Amino acid sequence: MAEPGPVPVAQSLKEIYTEDAISTQTGRWQRLLAQFKTNYGHDAHFVSRSPGRVNIIGEHIDYSLYSVLPMAITTDVLLAVRVTEEGTTSDHYTIKVSNVQGDKFVAREFQIPFDTVDIDSKVHEWTNYFKSGLRGALELLRVKRGNNVKPVSMEILMDGTVPAGGGLSSSAAFVSASALAVMYANGEKSVDKKELTELAIVSERAVGVNSGGMDQSASVLSIRGSALFVSFVPGLTAQPIQFPKTTPELSFLIAQSFVQSDKQVTGPVCYNLRVVECSLAAAYLNAVLSKSTTPLPKDSGPLGISLNGFHQKYFKDSTESVEEQLAELIEITKSTLTQPGYTREEIAPVIGMTVEELNRQFTSTFPVRASHFKLRERALHVFSEALRVLQFMALLSNPSSLDESLNQKLGALMNETQDSCREMYECSCPEIDALCSIARKAGSYGSRLTGAGWGGCSVHLVPADKVEAVKKAWEAEYYSTRTLTAEQKEASVVVSKPGSGSALLVVG
Ligand code: NG1
Ligand code: MG
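Just so it is clear, the structure is predicted and the values come from calculations on it, not from any experiment.

Participant: Describe the overall build of the protein chain, listing the residues and the values that go with them.
Facilitator: Tallying secondary structure elements over the protein chain gives 16 helices and 13 strands in all. Computed over the C-alpha atoms, the radius of gyration of the protein chain is 23 Å, within 12% of the 23 Å expected from 2.2 N^0.38 for a compact globule of 508 residues. Seen through its C-alpha atoms, the protein chain measures out along the principal axes to roughly 65 × 55 × 45 Å. Counting all 508 residues of the protein chain, 58% fall into the buried class. Contacts spanning at least 24 positions in sequence make up 75% of the contacts within the protein chain whose residues lie at least 6 apart. With the model as given, the accessible surface of the protein chain reaches about 20600 Å², and the carbon-plus-sulfur share is 52%. The averaged location of the 56 negative side-chain charges in the protein chain is 2 Å from the averaged location of its 48 positive side-chain charges.

Participant: Explain the pairing of strand 7 (residues 227-231) to me, using residue names and the numbers behind them.
Facilitator: Looking along a regular strand, one sees the side chains alternate between the two faces of the sheet. Across the five residues that make up strand 7, a large majority, five, are buried. Every second residue of strand 7 is oriented toward a common face, with Ala-227, Phe-229 and Ser-231 on one face and Leu-228 and Val-230 on the other, all of them buried. Hairpin remark: strand 7 followed by strand 8 (residues 237-241), antiparallel, with five residues in the connecting loop.

Participant: Please give an account of helix 5 (residues 214-221) that cites residues and values.
Facilitator: For helix 5, the buried fraction is high: eight of the eight residues fall into the buried class. For helix 5, the set of buried residues is Met-214, Asp-215, Gln-216, Ser-217, Ala-218, Ser-219, Val-220 and Leu-221.

Participant: Let's hear about helix 9 (residues 322-336): which residues, and what values?
Facilitator: Every α-helical turn comprises 3.6 residues, leaving residues that sit three or four positions apart pointing alike. End to end, helix 9 covers 20 Å across 15 residues, agreeing with the expected 21 Å (1.5 Å per residue, within 8%). Restricting attention to buried positions, one finds in helix 9 the residues Gln-325, Leu-326, Leu-329, Ile-330, Ile-332, Thr-333 and Thr-336. At its buried positions, helix 9 is contacted by helix 7 (271-289), helix 8 (307-314) and helix 12 (375-397).

Participant: Describe the nonpolar core, and please don't skip the residues or the numbers.
Facilitator: Side chains of a nonpolar character, in soluble globular proteins, are inclined to be buried together. Judged by nonpolar contacts, the single largest core of 132 residues is most densely connected at Leu-79, Leu-307 and Phe-383. Once residues lying within four places of it in the same chain are set aside, the contact partners of Leu-307 are Ser-64, Tyr-66, Cys-278, Ala-281, Ala-282, Leu-285, Ala-379, Val-382 and Phe-383. Within the second largest apolar cluster, 17 residues are counted, among which are Ala-10, Ala-44, Leu-157 and Ala-503.

Participant: Account for the packing of aromatic side chains, naming residues and giving values.
Facilitator: How two aromatic rings sit relative to each other is given by the distance of their centres and the angle of their planes. All told, the structure shown has 16 aromatic pairs when counted by the stated rule. Both rings, one in Phe-258 and one in Tyr-479, keep their centres 6.1 Å apart while their planes meet at 75°; by these two values the pair is edge-to-face. Of this pair, Phe-258 sits in the loop between strand 9 (250-256) and helix 6 (263-266) while Tyr-479 sits in the loop between helix 15 (467-477) and helix 16 (486-491), placing them 221 residues apart in sequence. The ring centre of Phe-110 lies 4.2 Å from the NZ or CZ of Lys-131, which sits over that ring. The side chain of Lys-189 reaches across the aromatic face of Tyr-184, ending 4.1 Å from its centre.

Participant: Go over unusual backbone geometry with me, naming the residues and quoting the values.
Facilitator: Most peptide bonds adopt trans geometry, and most residues besides glycine take a negative phi value. Cis peptide bonds are those with omega within 30 degrees of zero, and the linkage from Val-233 to Pro-234 qualifies with 0°. Of note, Pro-234 is situated in the loop between strand 7 and strand 8. With omega at -5°, the peptide bond leading from Thr-247 into Pro-248 counts as cis. Following the sequence through the fold, Pro-248 ends up in the loop between strand 8 and strand 9. The backbone phi angle of Leu-65 is positive, close to 65°, even though this residue is not glycine. Along the chain, the position of Leu-65 falls in the loop between strand 2 (46-57) and strand 3 (69-84). Judged by its relative accessible area of 5%, Leu-65 falls in the buried class. A positive phi is found at Ser-169, a non-glycine position, where the angle reads about 70°. Along the polypeptide, Ser-169 turns up in the loop between strand 6 (153-160) and helix 3 (170-185).

Participant: Requested: an account of the sheet that holds strand 4 (residues 92-99), with residues and values cited.
Facilitator: One open sheet accounts for seven strands, arranged 1-13-2-3-6-4-5; its pairing is mixed. This sheet does not close on itself; its edge strands, each paired only once, are strand 1 (9-10) and strand 5 (108-113). Two elements, strand 2 and strand 13 (residues 503-506), share four bridges in a ladder whose sense is antiparallel. If you follow Ser-48 over to strand 13, its bridge partner there is Leu-504. Across the sheet, helix 1 (residues 22-40) is in contact with strand 2, strand 3, strand 4, strand 6 and strand 13; its angle to strand 6 comes to roughly 140°.

Participant: Can you tell me about the side chain of Lys-313, naming the residues and giving the values?
Facilitator: Within the secondary structure, Lys-313 is located in helix 8. Despite being buried, Lys-313 has no salt bridge partner; Asp-299 is the closest side chain of opposite charge, sitting 11 Å away.

Participant: So what's going on with the site of ligand 1? Residues and values would help.
Facilitator: Glu-59, Asp-62, Asp-215, Lys-263 and Tyr-271 are the nearest of the 19 residues found near ligand 1. The contact in question runs from an oxygen atom of ligand 1 to an N or O atom on the backbone of His-60, over 2.7 Å. Here an oxygen atom of ligand 1 sits 3.4 Å away from a polar atom, N or O, in the main chain of Ser-169. When ligand 1 sits alone it has 440 Å² of accessible area, and the protein chains cover 97% of it. Per-element tally for the shell around ligand 1: the top contributor is helix 5, with three residues. Across the shell around ligand 1, the residue classes break down as five nonpolar, eight polar and six charged.

What counts, and at which threshold
- Residues numbered from 1 in each chain as written.
- Chains lettered and ligands numbered in written order.
- Predicted model: local features only at pLDDT ≥ 70, side-chain atom pairs only at ≥ 80, totals over all residues.
- Heavy atoms only, no water.
- Helix = DSSP H or I, 4+ residues; strand = E, 2+ residues; numbered from the N terminus.
- Rg over C-alpha atoms; globule rule 2.2 N^0.38 Å.
- Buried < 20%, exposed > 50% of the residue type's maximum accessible area, 1.4 Å probe, protein only.
- Contact = heavy atoms within 4.5 Å.
- Areas by Shrake-Rupley, 256 points an atom, 1.4 Å probe, with all protein chains shown as cover.
- Lys, Arg positive; Asp, Glu negative; His and termini not counted.
- Charge placed at Lys NZ, Arg CZ, Asp CG, Glu CD.
- Pairing = 2+ DSSP bridges.
- Expected span 1.5 Å × (residues − 1).
- Core = buried A, V, L, I, M, F, W, Y, C linked by side-chain atoms within 4.5 Å.
- Phe/Tyr/Trp six-rings, centres within 6.5 Å; stacked < 30°, edge-to-face > 60°.
- Lys NZ or Arg CZ within 6 Å of the ring centre and 35° of its normal.
- Axes fitted to C-alpha atoms, helices over the stretch in contact; angles between N-to-C directions.
- Salt bridge = Lys/Arg side-chain N within 4 Å of Asp/Glu carboxyl O.
- Near = heavy atom within 4 Å.
- Polar contact = N/O pair within 3.5 Å; in protein donor to acceptor, adjacent residues only side chain to side chain.
- Nonpolar A, V, L, I, M, F, W, Y, C, P; charged D, E, K, R; others polar.

Structure follows, in structure tokens:
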């Protein structure tokens, strides 16, 4: 287990980016700081930075509290910040936030009372992500210093290069960078990475999505050159994982579908609904199978109970390996959850609730729209995906060979994930399916959606000598058939190396 420690305060960009990224990033940082001066009339004090991530394997299982394997990428959120006394009165402080893409993200100014930060999750507003980081950071500061913390006024300019709604976690990068900026601005010169991650996980839920904790963990805790094996129970742990050097060498390709899926908009029928389905499946399986009739203990899943919570309870005194337990859970799910879908009226009596109680516990935090909940399919995806993550990890930590057969085994697991996401979890889309099959035909070992899905990005494990062939195939068979701007074309495919996590840089 890597001991997280404090968020690094970097002296130069070399500590943040890989060598090949330095020159582009230097220009970008200079432009950010110059524009800060233009916008606010003086220099920024510091920059807070948090990256996006790509998930290699372990999709839609973090909120069921199963381990996942993401890695940070180079694209990130930068917040240039100045702390100011202007705007602070006896009853409020002022936050000014602007964006380098000012035409798309309109600048805002908020006068905020000292004791609460209001966020309207029903309104789709880009600064909500900043506010959710602000709120979480202030809560943590109050735990540390007591209730009379008076937050400082801040001027902020953001530059984000993680595409929004693209499955690369722009939201977690923004929330983590915001929380970090607020902590530092308010005098926390050493911000603990684990505390920051945990507060960012809880904060992001304020924006209207019942998210798991993978993205914030990857964004804050990643270490350059390594992917990150993140586990959520009993507590949050993150272990850096290096890929073995195989022949042929492996590359990760990230390809955009340019189908944008926004969780704030699609939540009630997509992401938030899946969280509800998984929690209901946990309650249902527990009620039917548990050797005792006690309800599931409350856990850190977004709805307070999770499939892994059920798993732990069911196998409490078992001596079987986790892999064996998961294989058993797959069989048990098949024989217990036999219906294609379950209504509220069917689920409630089984879990010992009225329909009203069910709605209160499961569907009131964020609304969902469904008459039938697909408990069987969702639980089967989660248990089988949790098992694939462990199989993937076993291949990495104990490779039987370093040749193509290892690459193929890793790729096969990623392909199975894609099948399960498409068939059981119904979170893929035809465009992502197309990108995956084009890539496989051109030499990818494993291709799948990454992130929430329903659009967004895909990730591909490709031998280094086939990267060009795969790119060419996408261009011919996918990108050339869509209407894309030059900027989109440029950003459609990236070869990504594991990048570093959150950092601060003092600039003024
Ligand atoms: P993206 O793709 O970044 O929206 C989401 C969740 C993750 C995880 C994945 C699916 C947020 C912040 N993140 O990621 O926690 O559940 O989907 O594996 O909502
Ligand atoms: Mg997100």
